[in-house]
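Summary of the model geometry
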Amino acid sequence: MVGKKIVALGIVAMALAVAGCQKKNELTQIGINQFVVHEALDASRQGFLDVLKENGYVEGEDIEIDYKNAQGEQPTALAIAEDFVAKKKDLIFAIATSSAQASYNATKDIPILITAVTDPVDAGIADSFENPGKNVTGTSDGVPIGPQLELLKKILPEAKTIGVIYNTSEPNSTYQVNALKEAAKDMGFTVKEAGITALSDVNAVLPSVLKEVDVLYTPTDNMVASAYALIVKLANDEKIPVFCAEDAGVNVGGLISAGVDYYELGRETGLMAVEILKGKEPKELPIFVVKNPIIVLNKNAADSLGITIPEEILSAAKVVGEK
């Protein structure tokens, strides 16, 4: 009798083990391919994860998250994507243009959600914003340059020459710089480029450019974002205000930004993930574009540069760095 009980208990234990394995295997597998660590991209990832949790997708119970960071290396981003494909992930969340391109190059079958990609069409991963047409959709961090320059003109009406620092090998950045030059020409600005290909180039290239400009513009660029503190310090030493395309630069001393809230951008991508997990295909979901840029102002930077911010802008801005 005792033997039968032991056998029975063994069978129950095996059944529970099998059930546990089945439950684990049933978890939806999500791979996160983030190109580099910095405040904006980290915020997007957190917004994405928060929305999944709020919609009942609990890590360890419903989903399994495999987060990888390429540390700014394109070959690493591709290796991460290929690993996700080999592991048969159910969904890939690609953060930043390079990771999005790497993920798309690795698979045309697994649904890919993107964020912090300025122009996915120019990047070759979508047919159009309205009809992505592929296994890719998500959210763009692109903000029209015209309204940004109009804001700059209101704050710095005497400014004539705009410097721009960007990674010349990042398609997302060259796209923004071309848009900047086009819009600047129509508004009477001259653009002076400070192109870099490595972080070590910042000290070598930027100081001479700062001596020839009235304001420095920083686009949404992963390499530039990694060097915000240095870029802002060099500009402030020359009393040159820094106009940023996103608020991470403002938080470390840049003057102002008119861009996107990356946490909210991640949340929008998370909502799209919920729809895909419920059965929709990426090509059915238009790529989300922010319609109303968020203005963030660093009051300490304005005061130290002796810049008076018009009341209409001050009242509409999120103010950081107040004494």
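Residues numbered from 1 in each chain as written. Predicted model: local features only at pLDDT ≥ 70, side-chain atom pairs only at ≥ 80, totals over all residues. Heavy atoms only, no water.

As annotated in an unreviewed UniProt entry, the protein chain carries the name Putative ABC transport system substrate-binding protein and comes from Proteiniclasticum ruminis.

Observations regarding the pairing of strand S10 (residues 256-259)
Rules: Residue burial is assigned from relative accessible area. The probe radius is 1.4 Å, only protein chains are included, and a residue is buried under 20% of its type maximum, exposed over 50%, and partly exposed in between. Only runs of H or I of at least four residues qualify as helices and only runs of E of at least two qualify as strands under DSSP, and these elements are numbered from the N terminus. Criterion used throughout: strands pair if DSSP finds at least two bridges between them.
Of the two faces of S10, the one lined by Ile-256 and Ala-258 and the one lined by Ser-257 and Gly-259 are each fully buried. Across 2 bridges, the pairing between strand S9 (residues 242-244) and S10 is parallel. In the sheet register, Cys-244 faces S10, and the bridge partner there is Ser-257. Bridge count for S10 against strand S12 (residues 294-298) is 4 bridges, and the pairing is antiparallel. Residue pairing for S12: Ile-256 is matched across the bridge by Leu-297.

Section: empty space enclosed by the protein
Rule in force here: A pocket here means an open set of points on a 1 Å grid, computed over the protein atoms alone, that has protein on both sides within 12 Å along at least five of seven lines. A cavity is instead a set of points where a 1.4 Å probe fits but cannot get out; residues with an atom within 4 Å of a point line either one. Grid points are joined across faces, edges and corners, and a volume is the space filled by probe spheres set on the points. The classification used treats Ala, Val, Leu, Ile, Met, Phe, Trp, Tyr, Cys and Pro as nonpolar, Asp, Glu, Lys and Arg as charged, and all other residues, Gly among them, as polar. Boundaries between domains were set according to an automatic or database domain assignment.
Scanning the entire structure with this criterion turns up 1 cavity of 30 Å³ or more. Computed from the structure, the largest cavity encloses a volume of approximately 70 Å³. Considering the residues around the largest cavity, the lining is formed by 13 residues, among which Leu-41, Ala-116, Asp-141, Thr-220 and Asn-222 are closest to the centre. Its residues assigned to classes, the lining of the largest cavity shows 5 nonpolar, 4 polar and 4 charged. Mapped onto the domain boundaries, the lining of the largest cavity takes at least three residues apiece from domain 1 (29-142 + 262-289) and domain 2 (145-259 + 293-320).

Quick notes on the nonpolar core
Our working rule: Side-chain atoms within 4.5 Å link the members of a nonpolar core, which is a set of buried Ala, Val, Leu, Ile, Met, Phe, Trp, Tyr and Cys residues. By definition in these notes, contact holds between two residues if any of their heavy atoms fall within 4.5 Å.
Counting 44 residues, the largest nonpolar core has Ile-30, Phe-48, Leu-52, Leu-113, Ile-114 and Ile-125 as its most contacted members. Elements that contribute at least two residues to this core include exactly strand S1 (28-34), helix H2 (39-54), strand S2 (63-69), helix H3 (74-86), strand S3 (91-95), helix H4 (97-106), strand S4 (112-115) and helix H11 (262-277). A per-element tally of this core places H11 first, with 6 residues. For Leu-52, the contacting residues outside a window of four places in its chain are Ile-30, Tyr-57, Ile-63, Gly-270, Ala-273, Val-274 and Leu-277. Leu-156, Ala-245, Ile-295 and Ile-307 belong to the second-largest nonpolar core, a separate cluster that totals 31 residues.

Observations regarding the packing of aromatic side chains
In plain terms, the rule: Note on aromatic contacts: the rings of Phe and Tyr and the six-membered ring of Trp form a pair at centre separations within 6.5 Å, being stacked when their planes are under 30 degrees apart, edge-to-face when over 60 apart, and tilted otherwise. Here, a charge over a ring means that NZ of Lys or CZ of Arg falls within 6 Å of the ring centre while also lying within 35 degrees of the ring normal.
By the definition in use, this model includes 2 aromatic pairs. Pairing Phe-48 with Phe-93 gives two aromatic rings, centres 3.8 Å apart and planes at 15°, and the pair type is stacked. Here Phe-48 is found in helix H2, whereas its partner Phe-93 is found in strand S3, with 45 residues between them in sequence. For Lys-108, the ring lying beneath its charged end belongs to Tyr-104, and the centroid distance is 4.3 Å. One Lys or Arg, Lys-153, reaches over the ring of Phe-189 and ends 4.4 Å from the middle of that ring.

Notes on the environment of Leu-265
Mapping Leu-265 onto the fold places it in helix H11. When residues no more than four places from it in sequence are discounted, the contact partners of Leu-265 are Ser-44, Thr-115, Ala-116, Thr-139, Ser-140, Asp-141, Val-260, Phe-288 and Val-290.

Points about the sheet that holds strand S11 (residues 288-289)
Which entries qualify depends on this criterion: Orientation is described by lines fitted to C-alpha atoms, with helices fitted over the stretch in contact, and by angles between N-to-C directions that extend from 0 to 180 degrees.
Taken in spatial order, the 6 strands make up an open sheet running S2-S1-S3-S4-S5-S11, and their pairing is parallel. Of all strands in the sheet, those bounded by a partner on one side alone are S2 and S11. Judged from the 3 bridges that link them, S4 and strand S5 (residues 136-140) form a sheet pairing that is parallel. Looking across to S5, one finds that Ile-114 is bridged to Gly-138. With respect to the sheet, H2 is in contact with S1, S2, S3 and S4, its orientation differing from that of S1 by roughly 165°. Sheet strands in contact with H4 are S1, S3, S4 and S5, and its direction is about 150° off that of S3.

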